[in-house]
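Structure assessment
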Amino acid sequence: QVQVVESGGGLVQPGGSLRLSCAASGSIFIRVEGWYRQTPGKQRELIAAITSGGTTNYADSVKGRFTISRDNAKMVYLQMNSLKPEDTAVYYCHAVLGGRDYWGQGTQVTISS
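So, here's what we can say about the structure. Per chain, residue numbering runs from 1 following the sequence as it is written. At least 70 in pLDDT is required for a residue's local features to be given in this predicted model, at least 80 for side-chain atom pairs to be given and counted, and no such filter applies to totals for whole chains, interfaces and linings, which use all residues. Derived side-chain values reflect all non-hydrogen atoms in the structure, with water molecules and hydrogen atoms excluded from consideration.

Thoughts on the overall build of the protein chain
- Looking only at helices and strands, the protein chain features 0 helices and 11 strands.
- Taken over the C-alpha trace, the protein chain has a radius of gyration of 13 Å; the compact-globule value for 113 residues is 13 Å, and the two agree within 12%.
- Here the protein chain holds 113 residues, and the buried ones make up 39% of them.
- Sequence separation of 24 or more characterises 53% of the internal contacts of the protein chain that already satisfy a separation of 6 or more.
- As presented, the protein chain carries roughly 6,000 Å² of accessible surface, and 47% of it is formed by carbon and sulfur atoms.
- When charges are tallied, Lys and Arg are placed among the positive residues and Asp and Glu among the negative ones, while His and the ends of the chain are skipped. Charged groups are reduced to one reference atom each: NZ for lysine, CZ for arginine, CG for aspartic acid, CD for glutamic acid. The average position of the 11 basic charges and that of the 8 acidic charges among the side chains of the protein chain differ by 3 Å. Here a helix means four or more residues in a row that DSSP labels H or I, a strand means two or more in a row labelled E, and each is numbered from the N terminus. C-alpha atoms define the radius of gyration in this analysis, and the globule rule sets the expected value at 2.2 Å times the number of residues to the power 0.38. Summary of the burial criterion: residues with accessible area below 20% of their type's maximum are buried, those above 50% are exposed, and those between are partly exposed, where the area comes from a 1.4 Å probe applied to protein chains only. Residues count as neighbours in contact if any of their non-hydrogen atoms are within 4.5 Å of one another. For accessible areas, the Shrake-Rupley method is used with a probe of radius 1.4 Å. Any residue's cover is judged against the shown protein chains and nothing else.

Examining the pairing of strand β7 (residues 66-72)
- The pairing of β7 with strand β8 (residues 75-80) spans 6 bridges and is antiparallel. Counted as the bridge partner of Asn72 is Met75 from β8.
- Any two strands with at least two DSSP-identified bridges between them are counted as paired. Two successive antiparallel strands, β7 and β8, enclose a turn made up of 2 residues.

Regarding the pattern of salt bridges
- Salt bridges are defined by distance alone: a side-chain nitrogen of Lys or Arg within 4 Å of a carboxyl oxygen of Asp or Glu. One pass over the full model with this rule turns up 4 salt bridges.
- What emerges from the salt-bridge pattern is a single network uniting Arg37, Glu45, Arg65 and Asp87.

Considerations on the side chain of Glu6
- With respect to the element layout, Glu6 can be found in strand β1 (residues 3-7).
- Distance and chemistry together define a polar contact, namely a pair of N or O atoms within 3.5 Å, with one atom able to donate a hydrogen and the other to accept it when in protein, and with adjacent residues in sequence counting only for side-chain atoms on both sides. From its side chain, Glu6 meets the backbone nitrogen of Cys93 in a polar contact 2.7 Å long.
- Polar contacts involving the side chain of Glu6 include one to the main-chain amide nitrogen of Gln105, which spans 2.9 Å.
- The contact partners of Glu6, leaving out residues within four places of it in the chain, are Ser21, Trp35, Tyr91, Tyr92, Cys93, Gly104, Gln105, Gly106 and Thr107.

Take a look at the structure:
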């Protein structure tokens, strides 16, 4: 079975840092392509993406503060620095396989003083 699992969320103060991890498994071809976040009552939004070739792109709201990286196509990270209260959300990892979308269960990130 295909599985996508996020980890690393938690509670940090404004200005702090967290690193999220995403592990995809279940197929040789599955590839993690990005991170999204969602708050209650709002749509899930793309915050960071990485192509198969390693090109990255970011939402304007996190550009310069967040960095997406990977060990390989199935192990991807999101380094979050200079965190702000508005970064509080559930963060989701997104993977693709055979034209289908796969999502992790989400990990809660809370930034509060």
